Each structure stands twice: as structure tokens, then as C-alpha cells.
Amino acid sequence: MKIAVLKEGAGETRCAAIPETVKKFVDLGAEVAVENGAGEAASIPDSEFEAAGARVGSRADALKGAAIILTINGPEAGTLKGAGKGALLVGGLDPLRRRELVDAYAAAGLEALAMEWMPRITRAQSMDILSSQSNLAGYKAVVDAAAAYGRAFPMMMTAAGTVSPAKVFVMGVGVAGLQAIATARRLGAQVSATDVRSATKEQIQSLGAKPIFVENVAGIEGEGVGGYATETSPEYQKAQAELVSAHIGKQDIVITTALIPGRPAPRLISDAQVATMRPGSVIVDLAADAGGNVEGTVSGETVTRHGVTIIGAANLARSLAADASALFARNLYNFLSAFWDKEQGKPVLPDEDEIVKAIRLTQGGKVVNERLIAA
Ligand code: NAD
């Protein structure tokens, strides 16, 4: 049973395995083959993979006869030639946006498993790549904001006078938002936060931040289905816009993280609201890739509007390649080892399992995922 770990395409810094997970797969009885330089951008030299028990070689060598291919992003199907028949391709495959790729995996006879579609159930928490990467992104958003801000975060009483603390407002309190709140608090900022899901109010308070919520119109009671938000009513949106207008002009840093699965990101801040912030303020829009929460956001770029810096943050986890790789690699290991059949020496994925049903995209030459077929 051979597992291949490939070098990712241009722009990707992360690697889908680390020496620790290689060793664990070897302990399960698997053979692990790593493509030359796969870990380089994540500060993992080939020699460390070798020391953990992997063979390091060309892409063709790594793929030859592999039963499992581990990846961060979905590679072009044509670059996976040589893998075993029905090989599992496991990673972040972005199935809705890269549908042609999924069809190509089916045609190539690969069994593609999209880890971002992991269901939000307790059993799957340790396998959840969205959570592990969002957590790091939430941290990095605050660090990047602090770097772009021309003032300090903590209050400082010095002989030359007092430096007042930065006011940070976090919009969207999921995994990334919670980590952004915690990081901003550690840096000494005064933090407030908002969300549509009422369950987040207590979480905000428990991190020492102030909840800012629409009170007169109902948002989403409790956690929301699967922990996810849905689109809000026009009435709620109007009340939320008024709330933001009243609050945002007093903020120095705004971190937006609001997402609705399968939809463009909700627009939370208008250009007119940006104009009420004082020059030098910083907005980090973590939803940039999904269309942005802020009017004027450009994904992957930093722009200035009305003297306010707007960072269109795209895939911030990539800028923490070593930690992001470690968490991602453990997510993959936790998934595969949970389904490992000791006698057969490989993972066995039952058709009726909730996790398998959610993440399996292709099998036996066909696209089999219900969500993908419905789309
Ligand atoms: P997400 O990335 O889909 O969205 C980020 C946040 O934006 C969410 O909190 C959402 O409510 C909020 N949002 C959406 N529209 C908004 C709007 N108009 N205004 C303000 N905020 C808005 O969410 P996420 O970070 O992936 O996680 C959300 C929840 O799911 C969390 O409570 C998390 O604990 C839970 N979760 C559970 C599991 C599990 O049990 N396995 C795994 C991951 C996450």
C-alpha cells in the first residue's frame, strides 16, 4: 500500500505531509513516497522525510502504483499518471469552483475525496481542514493588520505620554473570527465583535471582547445548521448596516470573516462606511476570495480608500506554511487512520458512512457526490 505526497503547484507553500505523519503512516504498514522538494516551502527538507521513513524521488517515482495521493490543492488529472487503479486522491479539491477537474478525476479512474466537505460532526473535528486553516488565518489577519497600522495595539504609559490602545472590531465570529479576537486581545487591543448567530455572543464575551449585536430583528438563533450561517432577511441587513454605521467610525482595525457556504460573501461594509474611519485605519477582509465583505476589497491585494488600508486577504494560511502544513497533514492522517483496516492494510471507506458520503466526489469512473450532482 503506497502513499504518494506530491510537490504542490506554483504559489502554494504548504505540503500535505510532514515527517510526523509520514512516520505514523509507516507505522500503519504503508510505504510513503515523497516528490523531491515537496516540503521545501514549508521548511521541511527532503532529508527529514527520508529520516521519517519515506522514499524521496521524482514525481513519476512517487506516483508509480500509489493507492493514495495526498495533496493540498487538486492537481491537474494529467499530472497524476502512473497512480494505481482507483487510487484515492485526498485533499482540498474546491469541487464547486473546479468542476471540470472533478470530471477529469472521474475519467482518470481516481477516487477523489474533498476534505473541505468534511461534515461538522464531533467525530470529524480532527479531520477538518477548513477549521485548521481558518484558525491560522484569523491569527495572521491580526498580525498583518498590526504590521500595516501606523500606531501601537496596546496601551502604553510612557514618560513622553500615553499611547492609547487600538480598537479592533471583528465581524463574523466563526473559527477565524474567534482566533482573531484572541490574538487582538493578546496584543492589548480593545476588541468588539459581531455575528448573525446568537450562539457567538457568549463566545465573544468569554474571550474578553464586547459583543455588538442587532437587537431588534432576529438573526440566526443558536449555532445555525451545521454551525453555518444562512442569508439574512433584508430587514436584518438594514438593521445590521445601521449598527455598523454607528460603530465603525470609532474603530482603528476591522477584521471581516463572514461567509455563507455556497454563496458570495455578505457585504457588511460600504464605501461610505469606510469613509467614516479615521485615516491610517486598517481593514483585513478574510472573505476576499469569496467576493469580499467590504466594498472596494481586491482579493490578494492591498488598496487604500479614504486613507484606510484595505487588505484583501487570500489564503493567509499559506503565509504560515510550516504550521499550516502540520495541521493540514494531521487532518489527512486523522481521516485516513480512522478508516484504516488493519487486516487489509489500507483504509476502507463504507458507502453509507456520513463522512464518506459527504466528501467522496468520484468513484468507478463517475461523479457520485449528491451535492455536486445537485449543483
Ligand atoms: P464560516 O467560515 O462559514 O463563517 C464565518 C462566520 O461568519 C460565521 O460565524 C458566520 O455565522 C458569520 N457570518 C455569516 N454571515 C454573516 C453576516 N451577515 N454578518 C455577520 N457574520 C456573519 O464559519 P466557520 O468559521 O467555518 O464556523 C462556524 C461555526 O461552525 C463555528 O461555531 C464553529 O465552532 C463551528 N464548527 C464546528 C465544527 C465541528 O463540529 N466539526 C467544525 C468547524 C466549525
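It should be noted that the structure appears before, not after, this text.
Within any chain, residue numbers begin from 1 and follow the written order of that chain's sequence. Confidence filtering applies because this is a predicted model: local features only for residues at pLDDT of at least 70, side-chain atom pairs given and counted only at 80 or more, and all residues used for totals across whole chains, interfaces and linings. To obtain the side-chain values, all non-hydrogen atoms of the structure were included, while hydrogens and water were left out.

Turning our attention to the sheet that holds strand β4 (residues 68-73). Sheet architecture is open: 6 strands sit in the order β3-β2-β1-β4-β5-β6, paired in parallel fashion. Because the sheet does not close on itself, it has two edges, and the strands there are β3 (55-57) and β6 (111-114). Within the sheet, the average angular offset between the axes of one strand and its neighbour, ignoring direction, is 20°. Whether two strands pair depends on DSSP finding at least two bridges between them. The helix count covers DSSP runs of H or I at least four residues long, the strand count covers runs of E at least two residues long, and both are numbered beginning at the N terminus. In this sheet, strand β2 (residues 31-35) lies alongside strand β1 (residues 2-5) in parallel orientation, the contact comprising 4 bridges. In the strand pairing of β2, K2 is matched with E31. In this description, a line fitted to the C-alpha atoms serves as the axis of each element, helices being fitted only across the stretch in contact, and the angle between N-to-C directions of two axes falls anywhere from 0 to 180 degrees.

So, on to the nonpolar core. The definition of a nonpolar core used throughout is a set of buried Ala, Val, Leu, Ile, Met, Phe, Trp, Tyr and Cys residues joined through side-chain atoms within 4.5 Å. Here the term buried applies to any residue with accessible area under 20% of the maximum for its type, exposed to any over 50%, and partly exposed to those in between, with areas from a 1.4 Å probe on protein chains only. Ranked by internal contacts, the top residues of the largest apolar core, which has 66 residues, are F25, L70, V90, Y105, M115 and F335. Ignoring anything within four residues of it in the chain, the contact list for L70 reads I3, A4, V5, L6, A16, F25, V90, L332 and L336. V168, A176, I204 and A313 belong to the second-largest nonpolar core, a separate cluster that totals 28 residues. Two residues form a contact once any of their heavy atoms are found within 4.5 Å.

Here the focus is helix α10 (residues 321-338). Each α-helix winds once per 3.6 residues, and so residues spaced three or four apart point in a common direction. Compared with the 26 Å implied by 1.5 Å per residue over 18 residues, the 25 Å span of α10 between its first and last C-alpha is a close match. Of the positions making up α10, those classed as buried are A321, A324, S325, A326, F328, A329, N331, L332, Y333, F335 and L336. The span expected for a helix works out to 1.5 Å for each residue beyond the first.

With that out of the way, let us pick up the layout of surface pockets. There is about 240 Å³ of room inside the second largest pocket. Points on a 1 Å grid, built from protein atoms alone, make a cavity when a 1.4 Å probe fits but cannot get out and make a pocket when they are open with protein on both sides within 12 Å along at least 5 of 7 lines; residues with an atom within 4 Å of a point are the lining residues. Looking at the second largest pocket, it is lined by 15 residues, and the ones nearest its centre are A67, G86, L88, K346 and P347. Basically, the charged four are Asp, Glu, Lys and Arg, the nonpolar ten are Ala, Val, Leu, Ile, Met, Phe, Trp, Tyr, Cys and Pro, and anything else, Gly included, counts as polar. Residue classes in the lining of the second largest pocket are distributed as 9 nonpolar, 3 polar and 3 charged. Grid points are joined across faces, edges and corners, and a volume is the space filled by probe spheres set on the points.

Before going further, it helps to spend a moment on the side chain of Q179. Among the structural elements, Q179 can be located in helix α6 (residues 175-186). Q179 has contacts with N135, G138, Y139 and R186, leaving out every residue within four places of it along the chain.

Attention now goes to the sheet that holds strand β14 (residues 302-305). Overall, mixed pairing links the 7 strands, which are arranged β11-β10-β9-β12-β13-β15-β14 in an open sheet. Each of the sheet's edge strands pairs with one partner strand only, and the pair in question is β11 (210-211) and β14. As judged from the 4 bridges shared by strand β12 (residues 253-256) and strand β13 (residues 282-285), these two strands associate in the parallel manner. Across the sheet, the residue bridging to V254 is I283, located in β13.

This brings us to unusual backbone geometry. The phi torsion at S43 lies on the positive side, around 65°, for a residue other than glycine. Mapped onto the elements of the fold, S43 is located in the loop between β2 and α2 (46-51). S43 gets classed as exposed once you look at its relative accessible area, which sits at 61%. Notably, H306 is not glycine yet its phi reads approximately 55°, a positive angle. Topologically, H306 is positioned in the loop between β14 and β15 (308-312). Classification of H306 as partly exposed rests on a relative accessible area of 42%.

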